Every structure is written in C-alpha cells, then in structure tokens.
Amino acid sequence: MNGSASDSVDEALAAIGDDPQAALEYLTPEGDGSVDGDGVWVPGQTTVDRWTMLTSRDWGKHAPGLDALTAVTGAASSFRNRAPSETDPDVPTTADARATYACGRAMSYFGGEGFTKKDFTDTMKTNLAVVMANSSQDVSTAAARRSLGRGATSAGLAATDIASLIYRFGDHQDAMTTLATGLGQYHHNKLEEAMNDPDAGKGNLSNEYRRVAASSFYLQTLSEFRFADDKKKDSEEQTTTVDTSLSVLNAVSAAGLTALTDEAAAFTTGSTIAKPLVSSQVTDALGTSTGDPYTGLKAQSYAAGLNYGLFSTDSDKGRQRAIDTAKDHDWYHEDENGNPAIDTTALTGDQASDAVTWMNDQVTNSDDKGVLNDLEESITTGEDLGKDSAESNNGPRRT
C-alpha cells in the first residue's frame, strides 16, 4: 500500500471512531452483502477486500492506527443484538448481522497469532473489551464449552481467539469491567427471559446461574493466567481486577444496566456498550460488594429463588421453611403485598456470607433445601465449566 493510500486509511479510521453508524458502514457496507435465511451476514467483495487490507497491513508503521481501528470496531459492535424499534428507530434492519460479522473478524484477528499481549496498548485493551462486551453470547458460549454459532464461525472466529483476546487485556481493570458489564447484561436478559416463562421453575433458574458461574470463572481464570505470566500472581492488582470484574458481572446479571447511574449509563446504548467503561464509575453506580464474588453469586441465587417464589409455603417436610427463616435476616425484604423482594445487588459481603450460613444451617424443610442445593450445585458445575474452558485446548494463546 502506497503512502497516500495508507494515509487515507488512517484518516478514515480516525474520523469515525466516535460514530457507530459510520464505523459499521466502513467495516461492513450495507450495500455490499446480504443477510441469509439464518440471519447471517454474507459479505460482498468490497467488504472482503477491506478486511483483507486491514488484517494484512503493517501496523508497525502506523502505530496510532491500531488504537483507531479498535475504536472503530468497538463503535460498530454496539449494533449487535439491536433492531429497529420505537425507542431505537435509526437502527438499520441489517445492523445486527453486519455487526456480528465485524465483531467475529475483529476478535479472530486480535485474538489470533498475529498479535501478542505486548502489542496491546491500554487504548486497544479497552476498545476491544467493548467488542467483547457486545459479543457476550460468544463469550458465554466459549465459557460453557458449547459450539460457537454459525454467525460467529462464518467470520472465522474460534473459541481460542476469544480466550486469547480476554487474556491479552485481562490485566486491565477498566477493560475487564467493561466486558463484565456487557456479559452481566447478557445473562440478565437470559435470566429474565427464562423466568418470565409461565412454566419456569427451579430448573430454569439453576440453568441460568450455571451459565453465570461459567462466565465468571472463565473470566477469572483467564485474567489470573495473565497476571501469573506477568509475574504478578496473587498481587493486589490481580485481586482488585478479578474481584471487581466478577462483582460487576454478578450485580449486572441480577439488575441489568438500568442499575447504572446516568453518568455510567452514558456509556451505553440500550442494552449494548457504546464506549469503554471506567471501573470506578460502574462500581460506584452499582455499589458492588467487596466480599468474595463466589459467595456473593451463591447468595444472589438464593435471593433470586425467594424473589421468584420457588420455595414452599405449605410443605411439611421439616419445619424450617426457607421463607420463614429468611425473614429474620437484614437482607430479606418484602413488597407491599408481602412477597419477597430482595435487592440482590445490594447484598454486602457480610450479608452474602450470612445468606450462605442461612442456607446451610437454618433451612431444614427438604423441599426448600432441594431448591437451594440445586442452585449451589449448578454454580459449582458452572465453576468447573468455566475453569475447564479456560484451561482446555480452547484456552488462550498465552502470548
């Protein structure tokens, strides 16, 4: 590529990094491709040529270019899982499919063998975390060791690319918080969808918490790999980064992005992340617990079980029913109709520990104990899944 052509690329990227519509049009022009019957974007030759140019470019000669390219991909990614609606009328009907293709190409490129962790600037880390946050269904799928969907694999994305990309920004607290926020919103949507089914029961809640746990421990393991390889294992920086991101993931999975204050919510567009988040803004908005995230997740699931009415009101299989014994604890709250209405995001570390003790020591009704045991076992299963996914041959290229 000659000098003038290279300069035009740099200028184009710099101009559209803050314009999601322009970024999406640059990476996947709407008139150059089509959506097939499965909702997958089939790119035309112009799009293929553009990605070939971008991914074969010698970025070493254009150092700021990678910061700009990742800003463009982050902006374009905010169109994933969006469709035209009364509240979001300017979204092209093809936007989700095109953004999915662009995210797949970006994640396979930056998570691939052409980069190492040393190539990533802080700006690249936070921009690519936006891409990952808006591609949370792919992250969750990789964490649970399921097969990536055709929409992702058609763009060349593999599970090891996802793991490698998270590993490469796993030492950056703002980047990890950004990913955790998007991933939490994805799980929040799935949880609400599952439990709004009239036939929903304890199995639905357990399945969703298994998936949350898998994502949590997948992120934890990948981040800890990064700190260990950087000779910072068990450092204060590792503890803060991991615990903060997992607490954010847990809190947002319970409450959704609507729990963020206006200041932090300015970084979002509907249910997607528009730009990198600042960790302190998110934690201040959520008031996330400083306790152990694993204990917090278990307590959150127990509270959700109470809120969704999964415990008995008339079982005689033991006298200590969950709903009766829970009323003696300061984390328990009811609505005006006397139904459990516990704010799961407001649980302090001490309250989470107390809820786990409550489950183990106070609930003796066997029906209720069965619900609680199912939730705990699902989280344990999810923990194993997430760790195994990060440690398997689909784990990161630790470079």
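Residues numbered from 1 in each chain as written. Predicted model: local features only at pLDDT ≥ 70, side-chain atom pairs only at ≥ 80, totals over all residues. Heavy atoms only, no water.

**Comments concerning the overall build of the protein**
Next up, step 1: In terms of regular secondary structure, the protein is built from 18 helices and four strands.
Next up, step 2: In terms of overall size, the protein behaves like a compact globule, its C-alpha atoms giving a radius of gyration of 22 Å where 399 residues would be expected to give roughly 21 Å.
Next up, step 3: A buried classification covers 55% of the 399 residues belonging to the protein.
Next up, step 4: Once the 32 positive and 61 negative side-chain charges of the protein are each reduced to a mean point, those two points are 7 Å apart. (Helix = DSSP H or I, 4+ residues; strand = E, 2+ residues; numbered from the N terminus. Rg over C-alpha atoms; globule rule 2.2 N^0.38 Å. Buried < 20%, exposed > 50% of the residue type's maximum accessible area, 1.4 Å probe, protein only. Lys, Arg positive; Asp, Glu negative; His and termini not counted. Charge placed at Lys NZ, Arg CZ, Asp CG, Glu CD.)

**Quick word on the environment of Leu 372**
Next up, step 1: Following the sequence through the fold, Leu 372 ends up in helix H18 (residues 366-391).
Next up, step 2: A relative accessible area of 0% means that Leu 372 is categorised as buried.
Next up, step 3: A sequence separation of 170 residues divides Leu 372 from Lys 202, and the C-alpha atoms of the two residues are 9.1 Å apart.
Next up, step 4: Look past the residues within four positions of Leu 372 in its chain and what remains in contact with it is Tyr 302, Phe 311, Trp 358, Met 359 and Val 363. (Contact = heavy atoms within 4.5 Å.)

**Re the pattern of salt bridges**
Next up, step 1: Counted according to the given criterion, the structure contains 20 salt bridges.
Next up, step 2: The partner of Arg 321 in a salt bridge is Asp 324, with the nearest N and O atoms 2.8 Å apart.
Next up, step 3: A relative accessible area of 19% means that Arg 321 is categorised as buried.
Next up, step 4: Among the residues examined, Asp 324 registers a relative accessible area of 32% and is labelled partly exposed.
Next up, step 5: Each of the salt bridges in this network shares a partner with another, and the network as a whole consists of Lys 117, Lys 125, Asp 171, Arg 226 and Asp 230. (Salt bridge = Lys/Arg side-chain N within 4 Å of Asp/Glu carboxyl O.)

**Overview of the packing of helix H10 (residues 173-195) against helix H11 (residues 202-229)**
Next up, step 1: One can describe the packing of H10 onto H11 by two numbers: an axis separation of 9 Å at closest approach and a directional angle of 170 degrees. By the criterion of interaxial angle, the relationship of H10 to H11 is roughly antiparallel. Residue-level inspection shows Met 176, Leu 179, Leu 183, His 187, Lys 190, Leu 191, Ala 194 and Met 195 of H10 in contact with H11, the latter providing Asn 204, Leu 205, Glu 208, Tyr 209, Arg 211, Val 212, Ser 215, Leu 219 and Ser 223.
Next up, step 2: Partitioned by chemical class, the residues of the contact of H10 with H11 number ten nonpolar, four polar and three charged. (Axes fitted to C-alpha atoms, helices over the stretch in contact; angles between N-to-C directions. Parallel < 35°, antiparallel > 145°, perpendicular 65-115°, else oblique. Nonpolar A, V, L, I, M, F, W, Y, C, P; charged D, E, K, R; others polar.)

**A short note on the packing of aromatic side chains**
Next up, step 1: The full count for this structure, using the stated rule, is seven aromatic pairs.
Next up, step 2: Ring geometry for Tyr 109 against Phe 115: centres 5.0 Å apart, planes inclined by 85 degrees, an arrangement best described as edge-to-face.
Next up, step 3: Tyr 109 sits in the buried class, given a relative accessible area of 14%.
Next up, step 4: Seen in terms of ring centroids, Phe 110 and Phe 120 are 6.4 Å apart; in terms of plane orientation they differ by 85 degrees. Their pairing is edge-to-face. Pair noted here: Phe 110 is in helix H5 (residues 95-110) and Phe 120 is in the loop between H5 and helix H6 (122-133), with a separation of ten residues, a long-range link.
Next up, step 5: With a relative accessible area of 1%, Phe 110 lands in the buried category. (Phe/Tyr/Trp six-rings, centres within 6.5 Å; stacked < 30°, edge-to-face > 60°.)

**Concerning H18**
Structural remark: α-helix, 3.6 residues per turn; residues separated by three or four positions point the same way.
Next up, step 1: Between the first and last C-alpha of H18 there are 37 Å, a value that for 26 residues agrees with the 38 Å anticipated at 1.5 Å per step.
Next up, step 2: Two or three places before Asp 367, at the start of H18, stands the capping residue Asn 365, its side-chain oxygen 3.0 Å from that residue's backbone nitrogen. (Expected span 1.5 Å × (residues − 1). Polar contact = N/O pair within 3.5 Å; in protein donor to acceptor, adjacent residues only side chain to side chain.)

**Notes on the nonpolar core**
Next up, step 1: Grouped together as the largest cluster of nonpolar side chains are 107 residues, with contacts concentrated most on Phe 110, Ile 166, Tyr 218, Leu 219 and Trp 358.
Next up, step 2: Element by element, the count of residues in this core is highest for H5, at ten residues. (Core = buried A, V, L, I, M, F, W, Y, C linked by side-chain atoms within 4.5 Å.)

**Side note on H6**
Next up, step 1: With twelve residues, H6 extends 16 Å between its outermost C-alpha atoms, agreeing within 8% with the 16 Å of an ideal straight helix rising 1.5 Å per residue.
Next up, step 2: In terms of residue burial, H6 counts as a mostly covered element, since ten of its twelve residues are buried.
Next up, step 3: Turning to H6, its buried residues number three or more, namely Met 124, Lys 125, Thr 126, Asn 127, Leu 128, Ala 129, Val 130, Val 131, Met 132 and Ala 133.

**Focus on unusual backbone geometry**
Note: most peptide bonds trans; most residues except glycine with negative phi.
Next up, step 1: Non-glycine residue Lys 231 carries a positive phi angle of around 65 degrees.
Next up, step 2: Looking at where Lys 231 falls in the secondary structure, it is placed in the loop between H11 and helix H12 (236-255).
Next up, step 3: For Asp 234, which is not a glycine, the phi torsion comes out positive at approximately 65 degrees.
Next up, step 4: Tracing the backbone shows Asp 234 in the loop between H11 and H12.
Next up, step 5: For Asp 234, a relative accessible area of 59% translates into the label exposed.

**A short note on the confidence of the model for the protein**
Next up, step 1: Counting all residues, the mean pLDDT for the protein is 91, and 93% of those residues have values of 70 or more.
Next up, step 2: Between the elements of the protein, mean pLDDT differs from a low of 59, seen in helix H13 (residues 262-265), to a high of 98, seen in helix H9 (residues 159-169). (pLDDT = per-residue confidence, 0-100.)

**Description of the side chain of Ser 136**
Next up, step 1: Take Ser 136: it is sitting in helix H7 (residues 136-143).
Next up, step 2: Taking relative accessible area as the criterion, Ser 136 reaches 2% and is therefore assigned buried.
Next up, step 3: Here Ala 133 takes part through its backbone oxygen, which lies 2.6 Å from a polar atom of the side chain of Ser 136.
Next up, step 4: Those residues within four positions of Ser 136 in sequence are excluded, and the remaining contacts are Gly 182, Leu 183 and Tyr 186.

**Considerations on the environment of Met 132**
Next up, step 1: On the secondary structure map, Met 132 appears in helix H6.
Next up, step 2: Met 132 sits 54 residues away from Ser 78 along the chain, and the two C-alpha atoms are 10 Å apart.
Next up, step 3: If we ignore the near neighbours within four places in the chain, the residues touching Met 132 are Met 107, Val 139, Ile 162, Leu 165, Ile 166, Phe 169 and Leu 179.

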